[in-house]
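The chain contents come next:
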Amino acid sequence: MLDVCLLGCSGMMPLPKRALTALMVRYSGSSLLVDCGEGTQVQIRKQGWSFHDIDTICITHFHGDHISGLPGLLLSMGNADRREPVTMIGPRGLKKVVNALMVIAQGVPFEIKFVELTEPEQSFEMKGFTLHAYKLDHNVTCYGYTMEIPRAGKFDMEKAKENQVPMAAWSPLQKKEEVTVNGVTYTRDQVLGPERKGLKLTYCTDTRPVESIVRYGMHSDLFICEGMYGDAGKLKNAKDKKHMTFEEAADLAKRAEVAEMWLTHYSPSLVRPDPYMKSVRKIFPETYPGKDLKSVTLKFKDDE
C-alpha cells in the first residue's frame, strides 16, 4: 500500500486556507516528500503524520514556493530526534541552494546526502520502488517525478515442484532474487508466476505540457498535475509563465491513460476550482480538484 497526501496546493503564495506546494508519500516504513513550501511541517502535523521518517526529499525546482520551507522542516526533523541521513534529490546546484537556506537553520543533527540531477532523465532504485526524474518545461530547470512500485508474481507450487526447488527455498525466494540450498542456487522465476501490476504515482508541477510527462506518467494509478489556471481563456498567461491550464492537464491525463488525476498548484486568483470541473471532465472524466490534505491509500489490485 502507498499512502499519498497532497499537503498543499497553492502556487506562488500561501493563502489563509491554502498552503504552499508539497506532497508526501509513505511506503513500507519510510516517507518521501516532494517539494517543501513554507509551513510544510505544519501541514504534516495536521495530517497526523510524522516528519521523523522522511528519508528522501525531492525538489522540483528552486522557486521559493517549492523550497522555502526546508529550513523549518529540517529543524523540526532534528528536534524530533531524526539522526539517520536524509537523501535530497533536485536540479544541479541543489547543494549550494540548500546550504544557503540552512544558514538560518544550523546544527541539524543528521547528514544530508545530495543527489543533483544532471541529465534530462534519471532513475533511482530506492527502498522497494523506482523513482524516475525527468525534465519539464518551466522558466528555470524543473523536474517531474514518477514513483513505481513493482509487484512480483504469486507463488506457484506446481512450478516450484517442476523446477525441483526444495521447500526450504520456497519462502525465501518470495522475498529474495536467489537462494542457495545445499550448494545449489535457485532463482525467483523458478517459483513465481507472471509479474503482477504494481503501483504508480506521478507528480508534475510548474511546466508546460511535455511528452516526458505522458511517457513516464503512462498508466499511473494517480497523476497529480499542476493546473495554474482554471479558465481556458488564460492560455496565453499559461504559455508566458510556463504553466498549464486545467484543460491542458486533462489532455495529458487522457493521453497517458491514467486512472485518476488531481489538479494542484493553483494561481492565488483562482478561488474555487470546482466550477471548471464540468468542462475539464469532458476531456478527462476522472479529474478532481486537489485541496490541502487531500489523501488516498493506493492498494495493489486483485488479480483479474
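A few points on the structure.

What counts and what doesn't
Within every chain, residues take consecutive numbers counted from 1 along the sequence as written. It should be noted that, the model being predicted, local features are given only for residues of pLDDT at least 70 and side-chain atom pairs only at 80 or more, the latter also being counted only at that level, while totals for whole chains, interfaces and linings use all residues. Side-chain numbers here rest on the full set of heavy atoms in the structure, without hydrogens or water. Helix and strand assignments come from DSSP, with helices taken as H or I runs of at least 4 residues and strands as E runs of at least 2, each series counted from the N terminus. The quantity called the radius of gyration is restricted to C-alpha atoms. Its globule counterpart is 2.2 Å times the number of residues to the power 0.38. For every residue, the accessible area (1.4 Å probe, protein chains only) is compared with the maximum for its type, and the residue is labelled buried under 20%, exposed over 50%, or partly exposed between those bounds. The working definition used for a salt bridge is a side-chain nitrogen of Lys or Arg within 4 Å of a carboxyl oxygen of Asp or Glu.

This next bit is on the overall build of the protein chain. Within the protein chain one finds 10 helices and 16 strands. Its C-alpha atoms give the protein chain a radius of gyration of 21 Å, near enough to 19 Å, the size a compact globule of 304 residues would have. Considered along the principal axes of its C-alpha atoms, the protein chain spans approximately 65 × 50 × 35 Å. With 304 residues in all, the protein chain has 51% of them scored as buried.

Next up on the list: the pattern of salt bridges. Here the structure, examined in full by the defined rule, presents 13 salt bridges. A salt bridge links Asp221 to Lys197; the shortest N-O distance between them is 3.1 Å. Separated by 24 residues along the polypeptide, Asp221 in the loop between α7 (211–217) and β13 (222–226) and Lys197 in strand β12 (residues 196–204) bring together distant segments of the chain. You can call Asp221 buried: its relative accessible area is 9%. Its salt-bridge partner being Glu248, residue Arg208 comes within 2.7 Å of it at the nearest N-O pair. Separated by 40 residues along the polypeptide, Arg208 in the loop between β12 and α7 and Glu248 in helix α9 (residues 246–256) bring together distant segments of the chain. For Arg208, a relative accessible area of 11% puts it in the buried group. Here Glu248 falls in the buried class, since its relative accessible area comes to 16%.

Right, let's get into the environment of Ala100. Mapped onto the elements, Ala100 comes out in helix α4 (residues 94–101). For Ala100, a relative accessible area of 52% gives the class exposed. The spacing of Ala100 and Ala160 is 60 residues in sequence and 56 Å in space, taken between C-alpha atoms.

Just distances and angles here, no functional claims.
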